[in-house]
Every structure is written in structure tokens, then in C-alpha cells.
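Letter by letter, the chains look like this.
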Amino acid sequence: IAEGDVFALNAPYNGGTHLPDITVVSPVFIGGRIRFWVASRGHHADVGGTAPGSMTPLATTVDEEGVLIDNFRLVEAGRFREDALRRVLTEHPWPCRNPDQNIADLKAQLAANERGAAELRRIAGEFGLEVVEAYMGHVQDNAAEEVARLIGRLEDCRYAYRTDTGQVIRVAITVDRAARRARVDFTGTSAAAGNNFNAPEPVTRAAVLYCFRVMVEAPIPMNAGCLRPIEIIVPEGSMLAPRYPRAVVAGNVETSQHVTNAIFGALGVMANSQ
């Protein structure tokens, strides 16, 4: 990874959600070292697949949903690799229908990252790198403390949520009040199936993060510190951690909500879509 490099991915099994969501990730170098990362995620109007919009309910494999991009070097040493990108978008059994639009949108995401990187460099120059890094640590430490305080008021619980596909999401939450830690265990959840309601593990993790964040009443920003007191167990190969080439497009928009319903149902803290 060199200064001026930028990467793109939408791989559901490697940090992505579903294929239309393409994430552009840029390292921020200060003093010759990577000090920060900035990222922008855009939902693209179409990334190929068997139906326009790349959201077909009939897909049974991820390739039918569109073009899968995994760790593609979008910019190399400051040079936008448009020819290579166009090949990725078009050399596929069901290619992108409007690659010019995809490329324009990715350039907009690059611009967003550049703005973020410029702001990070500006505040590092104004306040000093050590101060900026310290405050980033404080934000996460504070979030972890708020979630730990919340966990101290919870009890062990479990829930089974049956979906319209006949699959079941099972969750067991085990609370260690003394340590102020919790384990969220999805063992027993149905296996991934030949539909597109399989939710990639990052989506499952995000749903857990969401549930615990909204239960914290303090006005903390969403950040990784929220998950520090929580252990998440998701069985590999289940509908909440599918393996390639399972279809996943509804996992982000439908199953993610099922996961939050299951967690809230277990905790009994709010209505579960009744």
C-alpha cells in the first residue's frame, strides 16, 4: 500500500453488504506512514446481474446478483485505473449495464475520500497528530464505557425469530455483569439457503452494533468502541455468515432487520414488529 493508492470492494464475504454497495477505501499518509483510513460507501443503481438494478429476488448465487469486486486497486500512485476498472465491470456473465455511470459514481466517492483525508490532515496540522489520535481513542473508549454500563443492567436471554422463508434466527445473549461484558451467540440459526436472504457476517455484526447503540441514551457517535464489550458468535455457513457463492442481496435489506428484531425480542426492550 503506497501513498496515492485507493481500493474498492463490494465483496459480501469480506466486509461488504450486498453488491450494489461499493466501498472506496483510502489510506491517509502523514509523515510517510498510514495514520488513518477514510472510506465512502455508495449504493450504485446497477452492478450487473440477471435483472436491472441488481436486486432480483430470483437469484440463487451471488454472480446472478452482479459483479463482485474484492480488493481492487482503484487508484495506483495517484493514477485512476479506468481501463482496468472497466474490465472488472464488464467482463462478467451478467455485466454492469451502464459502466460509465458506475465509473462516474466511483469518482465521486474518490472525491469524498479526498475531502475526508484533507480534513484529517488539516486538523492534524492544527492540533497535532498526537492530540487527534488521542481524541479518536477517547471517542471509542467512551463508547465502550457507555455500552459496558448498559450491559450491567441486562440479563441473560434468548429468542427465536422465524422468517417468511421458513428459516429461523436464534440468538442467545449471555451477560457477565461483573465484567460488564456480553456474548451475542447466533448458534442454532438456520443454514444458508438457496435464496438471497443470507446476510453476510458484516451485516450481522452491524445489526448487533445498531441494537446496542440505540439502547445507549448518551449522545455518543457510532463507532467501533461500541462493540468492544461484546463478543459476537456467528456460525460459519449459517444464513448469517454465508459462504461464497450464496446470494445475499436481501440479507442487507431484509435479514438485517430480522436480526435486530431477534435481539430486541430477546432483550424485551422494544416491540418486535408486532
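What counts as what
- Residues numbered from 1 in each chain as written.
- Predicted model: local features only at pLDDT ≥ 70, side-chain atom pairs only at ≥ 80, totals over all residues.
- Heavy atoms only, no water.
- Pairing = 2+ DSSP bridges.
- Helix = DSSP H or I, 4+ residues; strand = E, 2+ residues; numbered from the N terminus.
- Axes fitted to C-alpha atoms, helices over the stretch in contact; angles between N-to-C directions.
- Contact = heavy atoms within 4.5 Å.
- Patch = residues over 30% accessible without salt bridge, like charges linked within 9 Å, V, L, I, M, F, W, Y side chains within 5 Å.
- Areas by Shrake-Rupley, 256 points an atom, 1.4 Å probe, with all protein chains shown as cover.
- Salt bridge = Lys/Arg side-chain N within 4 Å of Asp/Glu carboxyl O.
- Buried < 20%, exposed > 50% of the residue type's maximum accessible area, 1.4 Å probe, protein only.
- Right-handed = clockwise from strand over helix to strand, strands pointing away.
- Arc of directions from axis to C-beta.
- Expected span 1.5 Å × (residues − 1).
- Bend = angle between axes of the 7 residues up to and from the residue.

Draft legend 1. Here's a closer look at the sheet that holds strand S8 (residues 181-185). Sheet architecture is open: four strands sit in the order S6-S7-S8-S9, paired in mixed fashion. Edge positions in the sheet fall to strand S6 (157-162) and strand S9 (230-233), since each of these pairs with one other strand and no more. In this sheet, adjacent strand axes meet at a mean angle of 15 degrees when their direction is disregarded. Where strand S7 (residues 168-176) lies against S8, five bridges are found, and the strand directions are antiparallel. Across the sheet, Ala 172 pairs through a bridge with Asp 185, a residue of S8. Against the sheet, helix H4 (residues 201-215) makes contact with S8 and S9, and its axis sits at roughly 145 degrees relative to S9, the strand it touches most.

Draft legend 2. Highlighting a nonpolar patch on the surface. Together, Tyr 210, Val 214, Met 222, Val 269 and Met 270 give the surface a local cluster of nonpolar side chains, amounting to about 440 Å² of exposed area. Relative to the helices and strands, Val 214 resides in helix H4. You can call Val 214 partly exposed: its relative accessible area is 36%.

Draft legend 3. Focus on the pairing of S8. Counted between consecutive antiparallel strands, the loop separating S7 from S8 contains four residues, among which Arg 180 sits at a positive phi close to 55 degrees. This β-α-β element, S8 to H4 to S9, shows right-handed connectivity.

Draft legend 4. Structural context of helix H1 (residues 82-90). Turning to H1, its buried residues are Ala 84, Leu 85 and Leu 89. All buried residues of H1 fall inside an arc of 135 degrees around its axis, so they share one side. Looking at the packing, one finds that the buried side of H1 touches strand S4 (72-76), strand S5 (79-80) and helix H2 (99-127).

Draft legend 5. Just helix H5 (residues 249-267), in detail. With 19 residues, H5 extends 28 Å from end C-alpha to end C-alpha; this agrees with the ideal 27 Å at 1.5 Å per step. Along H5, the sharpest change in direction is near 40 degrees and occurs at Thr 255. The buried count for H5 comes to 15 of 19 residues, which makes it a mostly enclosed element. Backbone geometry just after H5 places Gly 268 at a positive phi near 65 degrees.

That's the geometry; what it means functionally is another story.
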